[in-house]
Amino acid sequence: MAFHSKELAKAYWRENVKLLLSLLFIWALVSFGFGILFADALNQFQFFGFKLGFWFAQQGAIYTFVVLIFVYVYKMNRLDEKYDVQED
Amino acid sequence: MMDIRTWTFLIVGLSFVLYIGIAIYCRAGSTKEFYVAGGGVHPIVNGMATAADWMSAASFISMAGLISFMGYDGAVYLMGWTGGYVLLALCLAPYLRKFGKFTVPDFIGDRYYSQTARTVAVICAIFVSFTYVAGQMRGVGVVFSRFLEVDITTGVLLGMAIVFFYAVLGGMKGITYTQVAQYCVLMMAYLVPAIFISIMITGHVIPQFGFGATLADGSGVHLLDKLDGLSAELGFAAYTSGTKSTIDVLFITAALMVGTAGLPHVIVRFFTVPKVKDARKSAGWALIFIAVLYTTAPAVAGFARLNMINTINGADSQGTEYSEAPTWVTNWEKTGLIGWEDKNEDGRMFYSGDERNEMHIDRDIMVLANPEIADLPAWVIALVAAGGVAAALSTSAGLLLVISTSISHDLLKRNLMPNISDKMELRYARSAAAVAVCIAGYLGINPPGFVAQVVAFAFGLAASSFFPAIILGIFYKRMNKYGAITGMVSGLLFTATYIVYFKFINPAASVPENWWFGVSPEGIGTLGMIVNFAVAAVVCHLTPPPPQDVQDMVESIRYPQGAGEAQVH
């Protein structure tokens, strides 16, 4: 067991899952939400010459995805250090 | 002034020399180097290679063309394929890297302590990979036949020879560095014409901005508004709203997301970096490299749509005289991918979405024909050819590796002949790759008439089988083999039945009124996945929990510490 105690292992995993869920929430919001379900409503707004819903579906969602992964990398590395389970 | 053909020989030839040179330089010496490049690849390099692996001939050649004809609906591919990548990076890659073996069947087999599960996974992996690789070979053939003016068979044979050479000799290490070179070639080939055309149409250097900008003809009209206007005039659905129902778009996007997250040839890439930390980082880099192409593609689609309509229908929308048809029309007519039938016998070509239409235009040619349509110099057109070939080759090499690994490692070493030596295993892996190249080439030359259906099939199957099994394996310690196997089998059966019925048995019935909940066969993998999860959860609670050592294994893949290099057993 690399963790100092079973409780720490549990706490690490809970924080990990919480981070995942919040990132996946944004993931679903920009793609399924803004890009598809609310696309018609957002299309009322103009955004640099695009209808906003259309922009999310064909551009914005992808940019958000890239940011999400880097946020994940940064936060996970911090989390590993906090619980002292990073690689040597 | 050199013509297109000479330029194509020159540029494609030079790129081949480069790939082969790299392959010889990085020859694999051991099974480990063959499978995972010795685990010593820098995250950025690995990210670039992953991007090349990921972006197939379909991404490069077909996607912008599809979007060009589908408008808003094309977003299913854009969001589906990149969004699936997020799932992969967040929920799968780091844990599978910590697990530390080479293949997806390895994970399924060990996690569910069952040879049956392993075998099911091997068969799925091989099926998905073959479906893909056949499409890639076809892509190479199309590019060569148009630009080198040889027949498709010769084109495919040439592609086969190259892939064989560097995948079989170099293994993962050779492939990784070759793919980096291929990424550079294919990105240049995609961006150069996109930038040229963006400047011509909107005056913007960056296509992503040009896409939303006003036209450079002084009219002050936005490109997208112009496309919406043209669509209305010509009887198409508005470019920015599309024709599919919202629920169908939702399900197709989700099916593509989970389907791509389960693709074995991309997952295996994360075993080639030294650390879990690097696996995470390299996933991020890969998505940046992918996003460059995926955000350019819809812009290319919009520009191509406008250019195509304008050159065929003429600036006054009265149609262009066939005798004065631009050269791209006559060139592609020879390949049979464009057709003109003078219905009203006025000698003019006309393209529309209603009964006035006289043109048949294959969606796959848009990216390849785009620089010709825009009248760009011959070397740009040759560059696009080289890019298409690079995209097809990089993906096929990755897939061939998965096929050969599945056979030599999962099937022979882990199942049938556990006692073979390292050297023998490598020999089997190379022969399996050789056989796979031949089969793929054959499928490329004689494509089954239903390539598109088979591809829908592959995604649906990956979505409804692999993905839930892997996710549950990592995030639900209590999941046992009974739940996983019944889940996979019921998800597979459900999805397969739906697709086979609507695509093969009764294609005439495949209309929205007959679909369950309005979900097309392309999107049914999402429902299949839900079925899989549900069945797995129920069965799992009625059967005993997995043994303690498996539960400990799940514990240990959940944190990075102690991840060595990927292990040979």
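Please refer to the structure placed before this passage.
Residues numbered from 1 in each chain as written. Chains lettered and ligands numbered in written order. Predicted model: local features only at pLDDT ≥ 70, side-chain atom pairs only at ≥ 80, totals over all residues. Heavy atoms only, no water.

A.B. asks: Mind showing me how you'd approach the overall build of chain B here?
C.D. replies: Check the secondary structure of chain B and you find 22 helices and four strands. Relative to its length of 569 residues, chain B is compact, with a C-alpha radius of gyration of 24 Å against a globular reference of 25 Å. For chain B, the spread of C-alpha atoms along the three principal axes comes to 75 × 55 × 40 Å. Per-residue burial for chain B yields a buried fraction of 61% across its 569 residues. Roughly 19,400 Å² of accessible area belongs to chain B as shown, and the carbon and sulfur atoms make up 64% of that amount. (Helix = DSSP H or I, 4+ residues; strand = E, 2+ residues; numbered from the N terminus. Rg over C-alpha atoms; globule rule 2.2 N^0.38 Å. Buried < 20%, exposed > 50% of the residue type's maximum accessible area, 1.4 Å probe, protein only. Areas by Shrake-Rupley, 256 points an atom, 1.4 Å probe, with all protein chains shown as cover.)

A.B. asks: What should I look at first to understand the overall build of chain A in this one?
C.D. replies: In terms of regular secondary structure, chain A is built from three helices and two strands. Counting from the amino terminus, helix and strand elements in chain A follow one another as α-α-β-β-α. For 88 residues, the compact-globule formula gives about 12 Å, and the C-alpha radius of gyration of chain A, at 18 Å, lies well above that figure. With respect to the principal axes defined by its C-alpha atoms, chain A has extents near 55 × 20 × 15 Å. The buried share of chain A, reckoned over its 88 residues, is 52%. Once local pairs closer than 6 in sequence are excluded, the contacts in chain A between residues at least 24 apart make up 58%. When the accessible surface of chain A is summed, it comes to about 4,700 Å², and 66% of that surface belongs to carbon and sulfur atoms. Side-chain charges of chain A comprise 8 positive and 8 negative groups, with the mean position of each set lying 9 Å from the other. (Contact = heavy atoms within 4.5 Å. Lys, Arg positive; Asp, Glu negative; His and termini not counted. Charge placed at Lys NZ, Arg CZ, Asp CG, Glu CD.)

A.B. asks: How do you make sense of the side chain of threonine 526 of chain B when you look at a structure like this?
C.D. replies: Residues and elements named next belong to chain B. Of note, threonine 526 is situated in helix H21 (residues 524-542). For threonine 526, a relative accessible area of 7% translates into the label buried. With near-sequence residues (within four places) excluded, threonine 526 lies in contact with Phe251, Ala254 and Ala255.

A.B. asks: Even after reading the chapter, I still don't get the packing of helix H5 (residues 75-99) of chain B against helix H19 (residues 466-475) of chain B, so can you show me in this structure?
C.D. replies: Each pair of packed helices gets described by two things: the angle between the helix axes and the distance between those axes. Residue and element names in this part refer to chain B. As a packed pair, H5 and H19 sit with axes 11 Å apart at the nearest point and diverge in direction by 60°. Judged by the angle between their axes, H5 and H19 are oblique. In this structure, H5 crosses over H19, and the sense of that crossing is left-handed. On the side of H5, the interface is formed by Leu87, Cys91, Leu92, Tyr95 and Leu96, while H19 contributes Phe467, Ile470, Ile471, Ile474 and Phe475. Split by residue class, the contact of H5 with H19 holds 10 nonpolar, no polar and no charged. (Axes fitted to C-alpha atoms, helices over the stretch in contact; angles between N-to-C directions. Parallel < 35°, antiparallel > 145°, perpendicular 65-115°, else oblique. Left-handed = near helix turned anticlockwise from the far one by under 90°. Nonpolar A, V, L, I, M, F, W, Y, C, P; charged D, E, K, R; others polar.)

A.B. asks: Teacher, can you tell me more about the packing of aromatic side chains here?
C.D. replies: By convention here, two paired aromatic rings are described through the distance between centres and the angle between planes. If you walk through the whole model with that rule in mind, you get 28 aromatic pairs over all chains. Here tryptophan 13 of chain A and phenylalanine 475 of chain B contribute two aromatic rings whose centre-to-centre distance is 5.5 Å and whose plane-to-plane angle is 35°, an arrangement assigned as tilted. Of this pair, tryptophan 13 of chain A sits in helix H1 (residues 6-37) while phenylalanine 475 of chain B sits in helix H19, placing the two residues on different chains. What makes tryptophan 13 of chain A buried here is its relative accessible area of 12%. (Phe/Tyr/Trp six-rings, centres within 6.5 Å; stacked < 30°, edge-to-face > 60°.)

A.B. asks: What am I meant to see in a nonpolar patch on the surface here?
C.D. replies: All names here are of chain B. A surface patch of nonpolar side chains, amounting to about 380 Å² of accessible area, comprises Ile199, Val205, Ile206 and Phe209. Secondary-structure assignment places phenylalanine 209 in helix H9 (residues 207-210). The exposure class of phenylalanine 209 is exposed, given its relative accessible area of 54%. (Patch = residues over 30% accessible without salt bridge, like charges linked within 9 Å, V, L, I, M, F, W, Y side chains within 5 Å. Salt bridge = Lys/Arg side-chain N within 4 Å of Asp/Glu carboxyl O.)

A.B. asks: Explain the pattern of salt bridges to me, please; I cannot follow it from the model alone.
C.D. replies: Two side chains bearing opposite charge may form a pair once their charged atoms approach each other closely. Applying the stated criterion to the full structure yields eight salt bridges over all chains. Ionic pairing is found between aspartate 228 of chain B and lysine 51 of chain A, a salt bridge with its closest N-O pair at 3.4 Å. Taken together, the residues aspartate 228 of chain B in helix H10 (residues 223-234) and lysine 51 of chain A in strand E2 (residues 50-51) connect one chain to another. Aspartate 228 of chain B sits in the buried class, given a relative accessible area of 13%. Note on lysine 51 of chain A: relative accessible area 25%, which makes it partly exposed. One salt bridge in this structure joins aspartate 106 of chain B and arginine 118 of chain B, with 3.0 Å as the shortest N-O distance. Pair noted here: aspartate 106 of chain B is in helix H6 (residues 104-111) and arginine 118 of chain B is in helix H7 (residues 115-147), with a separation of 12 residues, a long-range link.

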